[in-house]
Amino acid sequence: MAFLEPLSRLAKIEEELASIELRARNLRQDKEDLNRSIDTYRCLISPMRRLPPDILREIFISCLPDDRNPTMSNDEAPMLLSQVSSHWRSVAMTTPGLWASLHIAVPNSSPTFRSTHDSTTGDRLMVSQVTEIRSAAVKEWIARSGTLPLSIALHEWDAYPPTEYCKIFFQCILPFSKRWKNVSLTCSAASVTHFREIPPCEVPILQSLSLDITPNGIASSGTEWKDCGIFQAPCIREFSVSGIHAEISEFPLNWAQLTDLTLNNKGWSSTNLTITEITHVLERCSGLVSCRLHVGHSANPENRTEFSTISLPFLESLWIFEESQVPAFFAALDAPKLRKVEFWTSRMSVAAPSPLTQLLSNSGGSVRELSINPHLFAVHDFIECLRLCPSLTSLSLTSSSLVPPMSHDVNTPAPVSNSLLQSFGHLKADDECLCPDLEKFTCLAEAHFSDDALLEFILRKQSGEEKRIKKLKLVNVRFTRRPTVDIMPDLSTHIGRFETFYYIPSSCI
């Protein structure tokens, strides 16, 4: 019977273990219950909940897109902010600054239109129903903006076949015209009939006006725009126009008051905006600071070769897309304060000299930022452009979406080559140093320099051995080939000092 005592002890141990396990399960359950309760309180005392409403409002406004007007999408601010919590919704709905700008997408009857479905029934909504719902939302949106100046973009994606939908949205925003500050319209001429009838007294604070008139089977005639009252708005500083068949220089704008101008040619209207018309406009815009010009393929029907000097004493930024070769026009531009130039061309031959050299020579070496497609230049023209920019700090070599990519002729020297990189940082006193102030180098065009040449260029710039050569802050290079040498180990001590560094061989793309 000696084994009875161990059996008794074993039974007691098992009983104790069962009791301990039960206690442990109860404690774990208590722990989970307490954690859930604590998490609830933690949410209530989180830093975001303790922020004063005024600070939260400023944070919300900082969440808005900075390159466009916000849409009515639930996936971005301000709509997204109103779905986080009841507190955030209350703050968002009472922050007028969140609702003072809006992008309105006009639904259309095109077969490609992605229709919306009813959130309750799941039924597909007709375009007319979408328009009704969206127009009501526009009214509510603007109502939340209080009395703040408004920035509104109205975009009719497809104006054919013509519909009344755009007019419905225009009627939603028309009652608030006295609060319009920035207005951008992309729609057919038929959709903005009432817009052309607005007198200047109804748009007293309008500063920016953009008109992109799309085709709807009938071209927009000039006579219906020449007497447009809104052009006489007293505060317009920025003006952008595209698609209007008219002599734009005859629009009753206060041209001398403009600081920002965009003249854009589209395929269906390129016969309208001639180089003579562009010249007449620029001659009246002496106060321009920023300008975008699309010189269409038939912009010079008169084959003009002489132009009087076009003085633009305050111009700092110039974007040009050249389809028609008018070198004399670019030679006539006098812009002594020019700082930023983006020059694109549709010329598929590098035989003719580039007019960009004339433009840069007139700037007196003031240009600090240059963006071009080097493969649309002869090598000597390309290098000459860089020589004319001794103060250049940013160089972007890339192709344009407006021009199809070109294949390089293996029988001609490549503009973006080892010799180019070597020219950027010669350290010998008797050597010419190209663009010694260069700090930002982007090459997204086809590069014909080697990995070794790129490494040598970067190390030379970063060495600090020559005071006249500034160090790089940004490097963005993408090759269309596989790497031949791994340059990253040699750059490991330098990468942390760059603001931005991208080196992407084709095997990583």
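Criteria and cut-off values
- Residues numbered from 1 in each chain as written.
- Predicted model: local features only at pLDDT ≥ 70, side-chain atom pairs only at ≥ 80, totals over all residues.
- Heavy atoms only, no water.
- Helix = DSSP H or I, 4+ residues; strand = E, 2+ residues; numbered from the N terminus.
- Buried < 20%, exposed > 50% of the residue type's maximum accessible area, 1.4 Å probe, protein only.
- Contact = heavy atoms within 4.5 Å.
- Areas by Shrake-Rupley, 256 points an atom, 1.4 Å probe, with all protein chains shown as cover.
- Salt bridge = Lys/Arg side-chain N within 4 Å of Asp/Glu carboxyl O.
- Patch = residues over 30% accessible without salt bridge, like charges linked within 9 Å, V, L, I, M, F, W, Y side chains within 5 Å.
- Lys, Arg positive; Asp, Glu negative; His and termini not counted.
- Charge placed at Lys NZ, Arg CZ, Asp CG, Glu CD.
- Phe/Tyr/Trp six-rings, centres within 6.5 Å; stacked < 30°, edge-to-face > 60°.
- Lys NZ or Arg CZ within 6 Å of the ring centre and 35° of its normal.
- Core = buried A, V, L, I, M, F, W, Y, C linked by side-chain atoms within 4.5 Å.
- Expected span 1.5 Å × (residues − 1).
- Arc of directions from axis to C-beta.
- pLDDT = per-residue confidence, 0-100.
- Pairing = 2+ DSSP bridges.
- Axes fitted to C-alpha atoms, helices over the stretch in contact; angles between N-to-C directions.
- Parallel < 35°, antiparallel > 145°, perpendicular 65-115°, else oblique.
- Nonpolar A, V, L, I, M, F, W, Y, C, P; charged D, E, K, R; others polar.

(A) Structural context of the overall build of the chain. A count of helices and strands for the chain gives 15 helices and 16 strands. Out of the 509 residues belonging to the chain, those deemed buried represent 45%. Intrachain contacts of the chain at a sequence separation of at least 6 include 71% that bridge at least 24 residues. Taken as a whole, the chain presents about 26,200 Å² of accessible surface, with 53% of it coming from carbon and sulfur.

(B) Quick look at the pattern of salt bridges. Taken as a whole, this structure holds eight salt bridges when the rule is applied. Notably, a salt bridge pairs E76 with R68, separated by 2.8 Å at the nearest N-O pair. Where K473 meets E439, a salt bridge forms, and the shortest distance between an N and an O atom there is 3.9 Å. With a gap of 34 residues between them, K473 in the loop between α14 (451–462) and β15 (474–478) and E439 in the loop between α13 (418–423) and β14 (440–443) connect regions that are remote in the sequence.

(C) A look at the environment of S286. Topologically, S286 is positioned in the loop between α9 (275–284) and β7 (290–295). Separated by 29 residues in sequence, S286 and Q257 have C-alpha atoms that sit 8.2 Å apart. Beyond its immediate sequence surroundings of up to four residues, S286 is in contact with S311, P313 and F314.

(D) Examining a positive patch on the surface more closely. A grouping of K337, R339, R368 and K470 is seen on the molecular surface, where their side chains present a positively charged patch. Structurally, the position occupied by R339 is in the loop between β10 (333–334) and β11 (340–345).

(E) Inspection of the environment of H87 at higher detail. Relative to the helices and strands, H87 resides in helix α4 (residues 86–93). With 38 residues separating them in the primary sequence, H87 and R49 have C-alpha atoms 8.3 Å apart.

(F) Highlighting the packing of aromatic side chains. Following the criterion strictly, the structure yields 16 aromatic pairs and no others. Between W225 and F231, the ring centres sit 6.2 Å apart and the planes meet at 25°, which makes this aromatic pair stacked. Here the two residues W225 and F231 agree in accessibility, since each one is buried. Centre to centre, the rings of F231 and F251 are 4.6 Å apart; their planes meet at 20°, and the pair counts as stacked. On the criterion of sequence distance, the pair formed by F231 in the loop between α8 (223–226) and β5 (238–242) and F251 in the loop between β5 and β6 (260–264) is long-range, its members being 20 residues apart. We classify F231 as buried; its relative accessible area is 1%. The buried category is assigned to F251, whose relative accessible area is 1%. One aromatic cluster is present, built from ring pairs that chain together W225, F231, F239, F251 and W255. Sitting over the ring of W225, R196 keeps its end group 5.1 Å from the ring centre. The ring centre of W319 lies 4.1 Å from the NZ or CZ of R292, which sits over that ring.

(G) Region of the structure containing the environment of A190. Tracing the chain through its elements places A190 in the loop between β3 (180–188) and α7 (193–196). Distance from A190 to C166, taken between C-alpha atoms, is 9.4 Å for residues 24 residues apart in sequence.

(H) Inspection of α4 at higher detail. For α4, the set of buried residues is W88, V91, A92 and M93. The secondary structure elements touched by the buried residues of α4 are α2 (47–50), α3 (53–62) and α5 (127–144).

(I) Molecular detail of the nonpolar core. In this structure, W180, F195, F239, F329, F424, F441 and F449 are the most contacted members of the largest nonpolar core, which totals 122 residues. When residues of this core are assigned to their parent elements, the largest contribution, six residues, is made by helix α6 (residues 165–173). Not counting the four nearest positions on each side in its chain, F449 is found in contact with V416, S417, N418, L421, F441, C443, L454, V477, F479 and R481.

(J) α5, seen in detail. The terminal C-alpha atoms of α5, which comprises 18 residues, lie 26 Å apart, in line with the 26 Å expected from a rise of 1.5 Å per residue. When we look at burial in α5, the residues that qualify are V127, V130, T131, S135, V138, W141 and I142. Looking down the long axis of α5, one finds its buried residues gathered within 125° of arc, a one-sided arrangement. For α5, the exposed residues set more than 90 degrees away from the buried face come down to E132, I133 and A143. Along its buried surface, α5 packs onto β1 (101–106), β2 (150–156) and α6. Note on α5: the residue one or two positions beyond its end, G146, has a positive phi of about 65°.

(K) Summary view of the confidence of the model for the chain. Averaged over every residue, the pLDDT of the chain is 84; residues scoring 70 or more account for 82%. Averaged over each element, pLDDT in the chain is lowest for strand β16 (residues 500–504) (64) and highest for strand β12 (residues 369–372) (96). Here residues 267–271 is a poorly scored stretch, pLDDT under 50, and it has twelve contacts once near neighbours within four places are set aside; other chains count.

(L) Geometry of the pairing of β3. Relative to β3, β2 runs parallel, the two sharing six bridges. From the neighbouring strand, S151 faces β3, where its bridge partner is N182. In this structure, β3 lies alongside strand β4 (residues 208–214), joined through seven bridges in parallel fashion. Bridge assignment links L185 to a residue of β4, and that residue is L211.

(M) Quick look at a nonpolar patch on the surface. Where nonpolar side chains cluster on the molecular surface, the patch consists of I13, L17 and I20 and spans about 280 Å² of accessible area. Along the chain, the position of I20 falls in helix α1 (residues 4–44). You can call I20 exposed: its relative accessible area is 52%.

(N) Geometry of the packing of α3 against α4. Orientation of α3 relative to α4, taken along the N-to-C sense of each, is 75°, at an axis distance of 10 Å. Considering their axes alone, α3 and α4 lie roughly perpendicular with respect to each other. Only H87, W88, V91 and A92 of α4 make contact with α3, whose side of the interface consists of P53, L56, R57 and F60. A class-by-class count of the residues in the contact of α3 with α4 yields six nonpolar, one polar and one charged.

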